[in-house]
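Notes for the structure review
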Amino acid sequence: MRKTLSAVAITALLTAALVAPNQAVATTPAPIQPWLAAQLSKPSLLTPRTTVLVHGNDLAAARNAVKASGLRLLSTYAKIGVAVAEGSRSQILAARNQPGVTYLEGNQPIDIHLGTSHQATRGKEAIATRTGADGKALDGRGVGVAVIDSGVDPGHPFFRNADGSSAVVRNLKIVCDPLTEATCLPLDAGAVDTDLLAVGGHGTHVNGIVAGRNVTLSDGTKLQGAAPGASLVSISVGAVLLIVGADAALNWVLENHAAPCGTGVPASKCPPIKVTNNSYGPVGGGAFDPNSATVKLQRALAAEGVVTVWAAGNDGGDGSTALTNPSGQDPTGGILSVASYYDQATGTRDGQVSSFSSRGKNGSVGTYPDLAAPGEDITSSCRIYLPVCTTGLAPLELGDYNTISGTSMAAPHIAGIVAQLFQANPSATPAQVETALVSTAHQFTNGAPYQPDPRGGSTSYDKGHGLVDVVAASDAVR
Ligand SMILES: [Ca+2]
């Protein structure tokens, strides 16, 4: 909520600055997305070239505006009259005044949350007391998790296996060709830090929450991811996420989940992907669109045995309107929308729903999150030179770890837990995984009351069916 208020205040300041008396152009400057306005008001946070979605009355108007303002065209959405471009702050502001421009939208990254969190989820207990179908500790081993995010630093110590190899078994970067437009291809980035390329940090933090290995910092702090045995496939779509890039990443998973490192690489080194983590989405929720490419891709993935995990969003709310991530509202079994839970830094299972966690609309059960996982004050891998890591609460180990909050931190807990469930039962369907998770969730009392869910059990508009219980869910899925 604090974030929302400050963004509004900054927007107001920026707008006042822009409506200058010497403005020569007769047209009223096109409205600007509050998030983008906030970014533009803080030039220090901007990369030299910032991505912007220029909305026009039609595609020609959008393209002309890009050209006239000196922006570089990256891609277009022809049917909706949107040109995706990049450029400097002044170029972006100039585009507001071009004829036929209706709206400027930023490419908003999603907010990014360890320590006590695996106590709250009973994840640590599951690793210590449960085994997979392989007879090994239930740490997600033998399961691949694809993380679609800003990127990852595969050389970060949080990803280092005992033999010196990295938990990141495949490191891809989606590159959208500016010449052919909207053509986005996954390129192998090898050991390159794709998060550094993207000037991100979010992805390295999220990957760590999914499958960071057991580490002990120099001050004695012990950290691990939800599934410290799982394998990571990072698909970088840049620090500023474009839906076309994210869809290209989901499409890559659809085509390659069975052998993500190629057919020549054995599953023992590079296991099949069974779940994707998606800690991004539009701000302010929106209507569920069954015709979107994203929804078609996640349904095809579910049919092929791959679970899709979504961050519910960081727009808070009071249940009067649906603010949850639209794609996460898909009723298809195996599509999970994750709310943020705060364990009060104690590991308690009777804590709170995070105030920032996006609420569904009271009475419209389809808009509710499915369940909650820790997303507040979560410590994971960072790099001090990456922007999101400089915003953290408590840099540890020279900034290699930091504490951040958001449903972006809650979702990867569930992605790791889904890996644990597939280790417990490799032949489980995505729908069975979802049922196991929601039917066993702990119904803590904070927040909105629980109401009957037509699909079984009871749910709530702020935290879904309740806080994940890894021990009970892994027992239920067998
Ligand atoms: Ca669901």
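Provided above is the structure to which this section pertains.
Remember, it's a predicted structure, so these values are computed and weren't measured experimentally.

Conventions adopted
Residues numbered from 1 in each chain as written. Predicted model: local features only at pLDDT ≥ 70, side-chain atom pairs only at ≥ 80, totals over all residues. Heavy atoms only, no water. Donors = N, O, S within 2.8 Å, 3.2 Å for Na, K, Ca; no water. Helix = DSSP H or I, 4+ residues; strand = E, 2+ residues; numbered from the N terminus. Buried < 20%, exposed > 50% of the residue type's maximum accessible area, 1.4 Å probe, protein only. Pairing = 2+ DSSP bridges. Right-handed = clockwise from strand over helix to strand, strands pointing away. Arc of directions from axis to C-beta. Contact = heavy atoms within 4.5 Å. Polar contact = N/O pair within 3.5 Å; in protein donor to acceptor, adjacent residues only side chain to side chain. Salt bridge = Lys/Arg side-chain N within 4 Å of Asp/Glu carboxyl O. Axes fitted to C-alpha atoms, helices over the stretch in contact; angles between N-to-C directions. Left-handed = near helix turned anticlockwise from the far one by under 90°. Nonpolar A, V, L, I, M, F, W, Y, C, P; charged D, E, K, R; others polar. Core = buried A, V, L, I, M, F, W, Y, C linked by side-chain atoms within 4.5 Å.

Looking now at the coordination of the calcium ion. Six octahedral donors around a metal ideally sit at 90 or 180 degrees from one another, while four tetrahedral donors ideally sit at 109.5 degrees. Within the protein, Ile335 (O), Asp370 (OD), Asp370 (OD) and Glu434 (OE) serve as the donor atoms for the calcium ion, at 2.3 to 2.7 Å. Sequence spacing of the donors to the calcium ion: I-x34-D-x63-E. Separated by 35 residues along the polypeptide, Ile335 in strand β13 (residues 335–342) and Asp370 in the loop between β14 (352–353) and β15 (371–374) bring together distant segments of the chain. Each member of the pair, Ile335 as well as Asp370, is classed as buried.

Attention now goes to the pairing of strand β11 (residues 273–278). Of all six residues that make up β11, six are buried, and the element is covered over most of its length. Bridge analysis of strand β5 (residues 144–149) against β11 gives five bridges, and the strand direction is parallel. Paired with Gly144 across the strands is Ile273, a residue of β11. Sheet analysis places β11 next to strand β12 (residues 307–311), joined by four bridges and oriented parallel. For Val275, the partnering residue across the bridge sits in β12 and is Val307. For the handedness criterion, the β-α-β arrangement of β11, helix α10 (residues 293–303) and β12 is classed as right-handed.

Turning next to helix α3 (residues 59–68). Along an α-helix, residues three or four apart share an orientation, since each turn contains 3.6 residues. Here α3 has its buried residues at Leu59, Ala61, Ala62, Ala65 and Val66. Projected onto a plane normal to the axis of α3, the buried residues spread over an arc of 165° and lie on a single side. Among the exposed residues of α3, those pointing more than 90 degrees away from its buried face are Asn64, Lys67 and Ala68. Looking at the buried positions of α3, the neighbouring elements they touch are β1 (50–56), β2 (72–77), β3 (82–87) and β4 (101–106). Its side-chain oxygen at 3.3 Å from the backbone nitrogen of Ala60, Asp58 defines the N-terminal cap of α3. Gly70 sits one or two residues past α3 and shows a positive phi near 80°.

A few words now on the pattern of salt bridges. Overall, the coordinates contain 13 salt bridges when judged by the stated rule. Note that Asp188 is salt-bridged to Arg170, the shortest N-O span being 3.0 Å. Taken as a pair, Asp188 in strand β7 (residues 183–188) and Arg170 in strand β6 (residues 168–177) lie far apart in primary sequence, 18 residues in all. One salt bridge in this structure joins Asp400 and Arg383, with 2.8 Å as the shortest N-O distance.

Across the eight residues of β13, eight count as buried, placing the element largely inside the fold. Of the two faces of β13, the one lined by Ile335, Ser337, Ala339 and Tyr341 and the one lined by Leu336, Val338, Ser340 and Tyr342 are each fully buried. Taken together, the four bridges between β12 and β13 define a ladder with parallel strand orientation. Looking at the pairing, Trp310 lines up with Ser337 of β13. By the bridge criterion, four bridges tie β13 to β15 in an arrangement that is parallel. Within β15, the residue paired with Tyr341 across the bridge is Pro374. With two bridges connecting them, β13 and β14 associate as antiparallel partners. Opposite Tyr341, over in β14, you have Val353 as the bridge partner.

With that settled, consider the packing of helix α8 (residues 202–211) against helix α12 (residues 407–424). For the pair α8 and α12, the least separation of the axes is 7 Å and the interaxial angle reads 40°. Pair α8 / α12 crosses with right-handed handedness. Counted together, His202, His205, Val206, Ile209 and Val210 of α8 and Ser408, Met409, Pro412, His413, Ala415 and Gly416 of α12 form the full contact between these two elements. For the contact of α8 with α12, the per-class residue count stands at six nonpolar, five polar and no charged.

For the rest of this paragraph, the subject is the nonpolar core. One finds Val145, Leu232, Val309, Ile414, Val418, Val433 and Leu437 to be the most contacted residues of the largest nonpolar core, which totals 57 residues. The element that contributes the greatest number of residues to this core is α12, accounting for eleven residues. Setting aside residues no more than four positions away along its own chain, Leu232 makes contact with Val145, Val147, Phe159, Ala167, Val168, Val169, Arg170, Asn207, Val210 and Ala211. Counting residues in each nonpolar core, the second largest holds 28 residues, with Val82, Val244, Ala246 and Ala249 among its members.

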